Structures are given as C-alpha cells and as structure tokens.
Amino acid sequence: QKEVEQDPGPLSVPEGAIVSLNCTYSNSAFQYFMWYRQYSRKGPELLMYTYSSGNKEDGRFTAQVDKSSKYISLFIRDSQPSDSATYLCATPNSGGYQKVTFGIGTKLQVIP
Amino acid sequence: GAVVSQHPSWVICKSGTSVKIECRSLDFQATTMFWYRQFPKQSLMLMATSNEGSKATYEQGVEKDKFLINHASLTLSTLTVTSAHPEDSSFYICSAREGGGGNIQYFGAGTRLSVL
C-alpha cells in the first residue's frame, strides 16, 4: 500500500464549478499535510498546508483534513481556467530530514 | 512566500558531458535541500537529501557517482549529472526546507535536461 494515494484523473470541470480533490494516507502518525499545484513543465507551487485535523481556507481554496479516516481534501470554489494544473497532496514523513511523500497528482482541467 | 531559484531552466547537452544545476534559496536559509526527478505523467521521485556542510543522502537506486550533490552554503545546493546519457534526460527539481524544524518544502521551477 502506498503511503499517499491520489486519483490521477484527469478531472474536467466547467468554469465556475466547485472542484473536490482528494487523497488518502496510510500512516496515522502524519501530522502536516500540504497541497501543491504544478503547471506543466514547472516546479510545484505550495498552495496550502494544514496541521492535524480541520479546515483551512485561503481565498477560493479550502483544505480539509479528517484524521479519523485518513482523508485529505482540497476544494476549489468558482474554478477558473487558470486553475488547470496538476494538484499534488503531500505529507512529511517521520524522521530526521522530513522527507515528503507525494501523491501521484490529479490533473485538473477547467473548461471555459 | 519563500523563493527558490533554480538554474538553468532548460539544458541540452551531448552524451558524455557533465551538467551542473544550481538551486538557491533567495530569502531564507535552507538547512536541507532535496533533489527530485520527474518523468512525464509521473509524480516526483526523491533522488537525494542534502544538508549544508555534509554529504548528501541518496535514495536507493540512485547512483552517487552519477549524480553529484554539493550543499556548500545555507543558500546553495548543486546537482551535477556526470557523463550524461540519453536515459538521464528528465525534469529535475530542487526544493528547500527552512531551518528551525519547518516542515514545508519550497520548490524551484525545475530544469529540463535533454541529452542528445
């Protein structure tokens, strides 16, 4: 079982839709959770990070963590064509160097 | 947010030559930097972790002599692909983690390496 599982998509939605991106993880010791956005041929850009359970909102983006079910989500409201990218969930591993485990990424396309 | 600069963004080289990629943290001190490789439609694959002033820790299956990593200062790490071959063609991305125990990694824009 992979430590972080993510549906690779692709996911196509019309402009203005609410997008739900999800990941599951296997290690209950994970505490921090990040969402990165990666445009084609670019490095990942940090969108949001959360610690433990709960919600965190930043503009049109909401990150949600449910530790009881080991489920993390990213919601995008009023999606725009510029949101079209690959979204990666990530969590630091335990250990001295805090290596990060990434999901495979979900490719999102927002259609005008 | 924290900025990580990576250069060059794209490099083409002949087989057998060496290529150096630089990764700089511009507005913070990075005690730890990471080097990743990414193939098309795949996720990031960690190659090695480097700490300032010490030898890099390589992931299983990554050739230390092929991919030389130097982390000489708190703001600069370099990856040198030695004697590059076409199979080394890939997208290489660095990231940096702030000192003080922060868990967030900030990424460079990546380097596309094409070996002819």
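Refer to the structure above for everything that follows.
None of the values given here were measured: they were computed from a predicted structure.

Enquirer: How do you make sense of the overall build of chain A when you look at a structure like this?
Expert: Within chain A one finds 0 helices and 11 strands. Along its sequence from the N terminus, chain A presents helices and strands in the succession β-β-β-β-β-β-β-β-β-β-β. Scaling as 2.2 N^0.38, a compact globule of 112 residues should have a C-alpha radius of gyration of about 13 Å, and chain A matches this with 14 Å. Oriented by its inertia axes, the alpha-carbon framework of chain A measures out at about 45 × 30 × 25 Å.

Enquirer: Is there a simple way to explain the overall build of chain B in this structure?
Expert: Within chain B one finds 0 helices and 11 strands. When its helices and strands are written in sequence order, chain B yields β-β-β-β-β-β-β-β-β-β-β. Taken along the three principal axes of its C-alpha coordinates, chain B extends 40 × 25 × 20 Å. Across chain B, every contact between residues at least 6 apart in sequence was considered, and the portion connecting residues at least 24 apart equals 54%.

Enquirer: What am I meant to see in unusual backbone geometry here?
Expert: Trans is the common state for peptide bonds, and a negative phi is the common state for residues other than glycine. In the segment running from Gly9(A) into Pro10(A), the intervening peptide bond is cis, with an omega of 10 degrees. Take Pro10(A): it is sitting in the loop between strand 1 (4-6) and strand 2 (11-14). Between His7(B) and the following residue, Pro8(B), the backbone shows a cis peptide bond with an omega angle of -5 degrees. By the secondary structure assignment, Pro8(B) is in the loop between strand 1 (4-7) and strand 2 (10-13). Its identity as a non-glycine residue notwithstanding, Arg41(A) has a phi of 60 degrees, on the positive side. Relative to the helices and strands, Arg41(A) resides in the loop between strand 4 (32-38) and strand 5 (45-51).

Enquirer: Can you help me understand the sheet that holds strand 8 (residues 71-76) of chain A in this one?
Expert: Residue and element names in this part refer to chain A. The 5 strands are arranged 1-3-8-7-6 in an open sheet whose pairing can be described as antiparallel. Since the sheet does not close on itself, it has two edges, and those belong to strand 1 and strand 6 (54-58), each with one partner. Across this sheet, the average inter-strand angle for adjacent strands is 20 degrees, counted without regard to direction. Sheet topology note: the strand 7 (residues 61-66)/strand 8 ladder contains 6 bridges and is antiparallel. Within the sheet, the bridge partner assigned to Thr-62 lies in strand 8 and is Phe-75.

Rules used in this analysis
- Residues numbered from 1 in each chain as written.
- Chains lettered and ligands numbered in written order.
- Predicted model: local features only at pLDDT ≥ 70, side-chain atom pairs only at ≥ 80, totals over all residues.
- Heavy atoms only, no water.
- Helix = DSSP H or I, 4+ residues; strand = E, 2+ residues; numbered from the N terminus.
- Rg over C-alpha atoms; globule rule 2.2 N^0.38 Å.
- Contact = heavy atoms within 4.5 Å.
- Pairing = 2+ DSSP bridges.
- Axes fitted to C-alpha atoms, helices over the stretch in contact; angles between N-to-C directions.

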